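Breakdown of the fold
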Amino acid sequence: ISHVTHVPLFELKHSLDPREAPRMYNAKTYSLVIFNVIPETKEANLPIPLEIIVTKNFILTLLPEKSAITDELFDFFNDSNLWKKIEKEGFGVLVYKILIEFIRNYGDFLENVDDRLDLLEESAVHGKEEDMQRLFKLKKKLIFIRSSLYENRKVLNNFGEGNAAFHLAISDINELQTELSQVLATEESIKDRIATITEILISSVSNKLNKTMKTFTVIASMLLLPSLIASIYGMNVSLPLGKHPSAFFIIIGIMVIAVSFILIYFKSALKNN
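Residues numbered from 1 in each chain as written. Predicted model: local features only at pLDDT ≥ 70, side-chain atom pairs only at ≥ 80, totals over all residues. Heavy atoms only, no water.

**Observations concerning the packing of aromatic side chains**
The geometry of two aromatic rings is summed up by the distance between their centres and the angle between their planes. Condition: For Phe, Tyr and Trp, where Trp contributes only its six-membered ring, two rings pair if their centres lie within 6.5 Å, and the inter-plane angle classes them as stacked under 30 degrees, edge-to-face over 60, or tilted in between. Residue exposure (1.4 Å probe, protein chains only): buried if accessible area is under 20% of the type maximum, exposed if over 50%, otherwise partly exposed.
Tallying each qualifying case throughout the model produces one aromatic pair. On the basis of an interplanar angle of 80° and a centroid distance of 5.4 Å, the ring pair of Phe-248 and Phe-249 is categorised as edge-to-face. Given a relative accessible area of 58%, Phe-248 falls into the exposed group. By relative accessible area, Phe-249 is classed as exposed at 62%.

**A few points about the pairing of strand E4 (residues 59-62)**
Worth spelling out the cut-off: Secondary structure follows DSSP: runs of H or I at least 4 residues long count as helices, runs of E at least 2 residues long count as strands, and numbering of each begins at the N terminus. Being paired, for any two strands, means DSSP has found at least two bridges between them.
A one-sided burial pattern is seen for E4, the buried positions being Leu-60 and Leu-62 and the unburied ones Ile-59 and Thr-61. Inspection of the sheet shows strand E3 (residues 48-54) paired to E4 by four bridges, in the antiparallel sense. Bridge pairing in E4 places Glu-51 opposite Leu-62. Between the end of E3 and the start of E4, which pair antiparallel, lie four residues.

**Brief notes about the packing of helix H5 (residues 92-123) against helix H7 (residues 170-233)**
The geometry of a pair of packed helices is captured by two quantities: the angle between their axes and the separation between those axes. Operational definition: Note on definitions: angles span 0 to 180 degrees between N-to-C directions of axes, and those axes are lines fitted to C-alpha atoms, for helices only across the stretch in contact. Between 65 and 115 degrees an angle is taken as roughly perpendicular, under 35 as roughly parallel, over 145 as roughly antiparallel, and anywhere else as oblique. Two helices cross in a left-handed way if the nearer one is turned anticlockwise from the farther one by less than a right angle. They cross in a right-handed way if the turn is clockwise.
Two elements in contact, H5 and H7, have axes separated by 10 Å at closest approach and are oriented at 15°. When the axis of H5 is compared with that of H7, the two are roughly parallel. In this structure, H5 crosses over H7, and the sense of that crossing is left-handed.

**Re the nonpolar core**
The cut-off we apply is this: Among buried residues, the Ala, Val, Leu, Ile, Met, Phe, Trp, Tyr and Cys ones that are joined through side-chain atoms within 4.5 Å form a nonpolar core. The contact criterion used throughout is that any non-hydrogen atoms of two residues lie within 4.5 Å.
Among the nonpolar cores identified, the biggest contains 50 residues, and Ile-52, Leu-99, Leu-117, Leu-156, Phe-159 and Leu-176 are the most heavily contacted of them. Those elements giving two or more residues to this core turn out to be strand E2 (31-37), E3, helix H4 (80-89), H5, helix H6 (129-160) and H7. The leading source of residues in this core is H5, at 15 residues. Once you skip the residues sitting within four places of it in the chain, Leu-176 turns out to touch Tyr-96, Leu-99, Ile-100, Ile-103, Leu-156 and Leu-168.

**Quick notes on the packing of helix H3 (residues 70-77) against H5**
So the rule is basically this: For this scheme, ten residues count as nonpolar: Ala, Val, Leu, Ile, Met, Phe, Trp, Tyr, Cys and Pro. Four count as charged, namely Asp, Glu, Lys and Arg, and the remainder, Gly too, count as polar.
Packing of H3 against H5 brings their axes to within 10 Å, and their N-to-C directions diverge by 150°. Taken as axis vectors, H3 and H5 run roughly antiparallel relative to one another. Judged by the sense of rotation from one axis to the other, the crossing of H3 with H5 is right-handed. Where H3 approaches H5, its residues Glu-72, Leu-73, Phe-76 and Phe-77 are matched on the opposing element by Leu-94, Lys-97, Ile-98, Glu-101 and Phe-102. For the contact of H3 with H5, the class distribution of residues is six nonpolar, no polar and three charged.

**Quick notes on the sheet that holds strand E1 (residues 23-26)**
Strand pairing in a sheet is mediated by backbone hydrogen bonds. Such pairs are either parallel or antiparallel. Read across the open sheet, the four strands follow the order E1-E2-E3-E4; overall the sheet is antiparallel. Pairing within the sheet leaves two strands with one partner each, and these edge strands are E1 and E4. Across the sheet, the mean angle separating the axes of adjacent strands is 15° when strand polarity is ignored. Strands E2, E3 and E4 of the sheet are contacted by H5, whose axis makes an angle of about 170° with E3.

**A few points about the environment of Asn-157**
Along the chain, Asn-157 falls in helix H6. Of the residues examined, Asn-157 reaches a relative accessible area of 35% and is grouped as partly exposed. Spatially, the C-alpha atom of Asn-157 lies 8.1 Å from that of Gln-177, the residues being 20 residues apart in sequence.

**Describing a nonpolar patch on the surface**
Quick note on the threshold: Within the patch definition used here, like charges are joined within 9 Å and nonpolar side chains (Val, Leu, Ile, Met, Phe, Trp, Tyr) within 5 Å, considering only residues with over 30% relative accessible area and no salt bridge. Here the open area of atoms and residues is found with the Shrake-Rupley method and a 1.4 Å probe, where only the protein chains shown may cover a residue. When a carboxyl oxygen of Asp or Glu lies within 4 Å of a side-chain nitrogen of Lys or Arg, that pair is called a salt bridge.
A cluster of nonpolar side chains, contributed by Leu-225, Leu-228, Ile-232, Tyr-233, Met-235, Val-237, Leu-241, Ile-250 and Ile-254, occupies part of the molecular surface with about 710 Å² of accessible area. In terms of residue count, the dominant contributor to the nonpolar patch is H7 (four residues). Of note, Ile-250 is situated in helix H8 (residues 247-272). By relative accessible area, which is 32% here, Ile-250 ends up partly exposed.

Here you go:
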């Protein structure tokens, strides 16, 4: 590709670095735009760099792996009316179409996250550990998405300042910035939802722990008096009923009665609460 297009090899390699920062700058014979996009494998944490190189004679796009948008763009490129428009307005038409579709793909991705949060919100009251793990994965993914969106906005601001070598209509720049602002607003609302669901999950886990501790407390309280009786009659001294032939059964009976009274007390206390 470098040999055919005469674009330096180091420029083409930018698309191979998954952590390449979004930016735009002009060289002598071309303009380079790097924009973070979401890959087709949406389970990946990091967005991938889309590289667009625009010259007077051609436009070159480089993507390290397939995205869900690429097939739609190929259909768009086959439109004969598109090339007539490019002859009049230049390659800025293509740059706009490519960027707007990838920005909208962020919106589709966030809608999918929102649907997954609906399911997590319903099961959050149960305080399951697997729900907490899913939530943390989504939260980690959104951190990378948010960072990419803000970096992409800086690139669009360069378009607005007229720093691009290719022409992009003001209406197209405004549309790109509006779409990106809507995606950022959606991301902010999802961020708030994740914080709320996290609080619900933590509260549910805490409630489950409290119930478990309450159960252990009740059991320990029920066994406290029998343990005291057993420890007293375990001493090697003269005690009441010590020489009675049925002393063992009498003491066991006292323990059972004591446990029964404690059990009745806790039941009545729970009903009153």
